[in-house]
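# Structural characterization, general
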Amino acid sequence: MAYPMYEVDWSVLPPDQNRRFNPAFNIATIKQVVNEAIERVAPVSVRMQTPTRLRDLIRQIRAARTAAEERSVVNKECAYIRSTFREEDSVWRCRNIAKLLYIHMLGYPAHFGQLECLKLIASPRFTDKRVGYLGAMLLLDERQDVHLLITNCLKNDLNSNTQFVVGLALCTLGAIASPEMARDLASEVERLIKSPNAYIKKKAALCAFRIIRRVPDLMEMFLPATRSLLTEKNHGVLITGVTLITEMCENSPDTLNHFKKESGQREIVPNLVRILKNLILAGYSPEHDVSGVSDPFLQVKILRLLRILGKNDAEASEAMNDILAQVATNTETSKNVGNTILYETVLSIMDIKSESSLRVLAINILGRFLLNNDKNIRYVALNTLLRTVHVDTSAVQRHRTTILECLKDPDVSIRRRAMELSFALINGQNIRAMMKELLVFLERSDAEFKAHCSSAMVLAAERHAPSSKWHLDTLFQVLLKAGNYLRDDTVSNTIQIVSAAPGERQAYAAMRLWISLERAAVCGDATEKQPLVQVAAWTIGEYGDMLVSEASNAISMVDDDGVDEFSRPSEEYVIDVYQKLLWSTQLSITTKEFLLLSLAKLSTRFTTQPSQDKIRVIIDTFGSHIHIELQQRGVELSQLFRQYASLRPALLERMPAMEAGAPPERDDSDAEPEPALAAPPPDQDALLDLIIGSEPLSNGDVEHAAPAANNNTTTNDILDLLSGLDLSATSTMPASAPVSGVSAMSGVSGVSSLNNNMAPSLLDGLFASPSAVTNAAPSETIVTALERNGLRVELHVRRGGETAAITMRAHSTAPAAITDFLFQAAVPRTFRLDMMSPSGSVLTPQGEITQLLKVTNPSKTPLRLRIRVSYTIDGNPVLEQAEVNNFPPDLFN
């Protein structure tokens, strides 16, 4: 801009701007000096308005009292910035872009400054380039076409003689590089990695790290250049070189093998060991010292790379055993940086093929972490112990007391990890002590813990119970303390265990459960313990004659304090307790169905006529109940006291022992409840027939019921799972299929799911002969359904006429634990599939998860099963799908 009416007096310029005789000045610099001089001497009427400084804009925005006032300030400033951008040679472009970046950070639109950033990048001044490149990193990405215009500027600056300009270009390229831009400039980055300048070399290594993440195909280009990075003395170059090599090894098995096979001076493991040893033995270096530890960031990076190189490699592991032991013993633990290095050391020791003494040392370090006052360190220790407990269980057992103390920690995350680790430590030797502590935890824990904790306790008791009496006592304690937070399959499993127990244990169970039922009725807290009431009702209904007989006095019921809690009740008192519970308005319909059927069975267990008459009167009152299910049961059972009185003793006789699902192993699939389907609406899509019961395809470790809003998602998952299966068959389930329970008496064709309603199973003894209930153990066939990435899913198939029992067993050989494990299955419409809840959702290495499936095939057609397995390993979600069609042809014969 020129003002001919004003003569510029060069003598008034300060010495730092009076450069008229400097021939090195370019035209842009001279123009800026002239404009600044004019701004200083020109009157207000012709002078350009000076823009607000960045610090003043920040003060104005912070002074705004309302969001509207803040928007007003921002909009006003954005309008001014737009107007200045129209000036081709704006002196204040750099200041305006800086303000625009601050506005962008606040969340306001700032895209109109993209081209101005390119103009600043093209400027020869370093201050302009710095702001321009910063704006490009914030305002541009590969989705914007404008970013392609920056490629030529980047290439020019990568060849600059100023190291700081090269550094700016490398930072920007790593931040916003698209695949096309990366391929165009990768050769320049590879050249700069070999630069003798340490500053440029470390920037280039980090840029290569970003490029490899964006375009893995370019990894081979940078491979030769990485060899020189580990020979540098500069710690910045070393840490970036280790980071680059780690990324290469993690993403490419071929590259990992390349580094492992290098020999001589280029061998990477000895070089890393040498660098790490120098860091440990080096004296005080103020440049790299952090709280008394020499460059902990570099140590952590090296330990991580050693872990990757030593995994499944005995020779490499042997080379790093000594240095890992030195790091573990010489690192200071009083500061957090030392704990960080020790944590990485522990992970490396547990992942490589290390010596047993070294693994014990690593676990002892984690044990010390559990005593730390920092809850983050305690959580990390518990999480790591949970991942490594399978490697050396005996070493972890030494810290069992400390782990149990963590169950009392106020932090919910620590309590959760301590609970999971406690269950992993349970074995036949410590089951009594561990269960005692876990029962205390279950009673005091929050609702979110009770479902998972109670299910895991039931499973652990079943696997390691020292005696049947202790097993029953533990189950009843879990029922008592978990309340209504028990999983539904726990009720059916407990009933199966009681039914399969010897006669004396059945009497003991009836007496013990009667004590709990009586207390619940008297104290009025039966509503909060409905699973306990259901199990007690079933047990007393089956073995009530043992409860009121004089022989019950011979059974010891002494508690831990030496007090005999049991006093033999009279028949009338038992009925009064039942009546009080049945009259309760807060008990669920399912619990009342248990009680009603149990009361009907007691009419054949009690001998006095007044007792039977009182039972009949109570049952008759349910003939007009408002709930249709209870009304139907009341009407049907009333007929057994009148028209079919002669059949009542035979129909209500004691049920035979329920057989375990998969003997002889102790597993939650041992209790094989009879599942059933909820009949879908007739106009529902045929694919939805496979959505069975209340939670057929849900994760077995869910701790509370999923909201109804998720039903659509589950439906879509099933539809995806069924894609590809042949569902065009027209044969359907025969309408005359027999239905167990009282529903058969009234012609009701729907069958309730056992997990939601146990009463139909209670009535199986009424209308089915003992031979129909107890089947001989069928032959078993093993079908491998899925074997990928260390996960093996087997289907153990047992023949059984129209219904085949299939036990899914998932095994893992992966080094890391698998979490959020979910197994889903679907069959064509001509089949009926029932799925029990799984034994868990966490699959440890060499561990197992089981789940029981029952497939009914009235048409006798060959079985085709589509399965889906989803899980998380090392923080990465994995989804696998497969179709299984190699089942035995005579499966349903």
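## Considering the pairing of strand β3 (residues 780–788)
In this sheet, strand β4 (residues 791–798) lies alongside β3 in antiparallel orientation, the contact comprising 8 bridges. Of the residues in β4, the one forming a bridge with glutamate 780 is arginine 798. Linking β3 back to β4 in an antiparallel pair, the connection comprises 2 residues, with asparagine 789 at a positive phi of about 55°.

## Brief notes about the sheet that holds strand β5 (residues 803–812)
Overall, antiparallel pairing links the 5 strands, which are arranged β3-β4-β5-β8-β7 in an open sheet. Among the strands making up the open sheet, the edge pair consists of β3 and β7 (832–835). On average, adjacent strands in this sheet sit at an angle of 20° to one another, irrespective of strand direction.

## Overview of the packing of helix α22 (residues 412–425) against helix α23 (residues 431–444)
At a closest axis distance of 11 Å, the pairing of α22 and α23 adopts a crossing angle of 155°. Relative to α23, the element α22 is oriented roughly antiparallel. For the crossing formed where α22 meets α23, the hand is left-handed. Contacts from Arg415, Met419, Ser422, Phe423 and Leu425 in α22 reach Met434, Leu438 and Phe441 in α23. When the residues that make up the contact of α22 with α23 are grouped by side-chain class, the tally is 6 nonpolar, 1 polar and 1 charged.

## As for the side chain of threonine 172
Among the structural elements, threonine 172 can be located in helix α8 (residues 163–176). Discounting chain neighbours no more than four positions away, the residues touching threonine 172 are Tyr133, Ala136, Met137, Ile150, Leu154 and Ala177.

## What to know about the sheet that holds strand β9 (residues 865–873)
Taken together, the 3 strands give an open sheet; going across it, the order is β6-β9-β10, and neighbouring strands pair in antiparallel fashion. The open sheet has two free edges, formed respectively by β6 (818–826) and β10 (876–884), since each of these has just one partner strand. Direction aside, neighbouring strands of the sheet carry axes that sit 15° apart on average. Inspection of the sheet shows β9 paired to β10 by 9 bridges, in the antiparallel sense. Counted as the bridge partner of isoleucine 867 is alanine 882 from β10.

## Details of the confidence of the model for the protein chain
For the protein chain, mean pLDDT is 78; residues scoring 70 or higher make up 78% of the total. Low pLDDT (under 50) marks residues 17–21, which in the prediction has 8 contacts with non-local residues, meaning those over four places away or in another chain. In the predicted structure, residues 662–778 sits below a pLDDT of 50 and forms 227 contacts with residues beyond four places in sequence or in another chain.

## What about the packing of aromatic side chains?
Scanning the model with the defined rule gives 7 aromatic pairs in all. When the ring of phenylalanine 126 is compared with that of phenylalanine 164, the centres are 6.5 Å apart and the planes differ by 65°; the resulting orientation is edge-to-face. Here phenylalanine 126, found in helix α6 (residues 126–139), pairs with phenylalanine 164, found in helix α8; they are 38 residues apart in sequence, far enough to count as distant. Looking at phenylalanine 126, the relative accessible area reads 34%, which means it is partly exposed. By relative accessible area, phenylalanine 164 is classed as partly exposed at 41%. Arranged with centres 5.9 Å apart and planes meeting at 40°, the rings of tryptophan 583 and phenylalanine 622 form a pair that is tilted. A residue pair is termed long-range when its members are at least 10 positions apart, and tryptophan 583 in the loop between α29 (571–582) and α30 (589–605) and phenylalanine 622 in the loop between α31 (609–621) and α32 (628–639) qualify at 39 residues. On the accessibility criterion, tryptophan 583 (43% relative accessible area) is partly exposed. Members of the aromatic cluster, connected to one another through ring pairs, are Phe126, Phe164 and Tyr199.

## Points about helix α5 (residues 114–122)
Helical geometry note: an α-helix holds 3.6 residues per turn, so side chains three or four residues apart project in the same direction. Buried within α5 are the following residues: Gln114, Glu116, Cys117, Leu118, Leu120 and Ile121. Elements in contact with the buried residues of α5: α3 (67–85), α4 (93–105), α6 and α7 (151–158).

Quick notes on the rules
Residues numbered from 1 in each chain as written. Predicted model: local features only at pLDDT ≥ 70, side-chain atom pairs only at ≥ 80, totals over all residues. Heavy atoms only, no water. Pairing = 2+ DSSP bridges. Helix = DSSP H or I, 4+ residues; strand = E, 2+ residues; numbered from the N terminus. Axes fitted to C-alpha atoms, helices over the stretch in contact; angles between N-to-C directions. Parallel < 35°, antiparallel > 145°, perpendicular 65-115°, else oblique. Left-handed = near helix turned anticlockwise from the far one by under 90°. Contact = heavy atoms within 4.5 Å. Nonpolar A, V, L, I, M, F, W, Y, C, P; charged D, E, K, R; others polar. pLDDT = per-residue confidence, 0-100. Phe/Tyr/Trp six-rings, centres within 6.5 Å; stacked < 30°, edge-to-face > 60°. Buried < 20%, exposed > 50% of the residue type's maximum accessible area, 1.4 Å probe, protein only.

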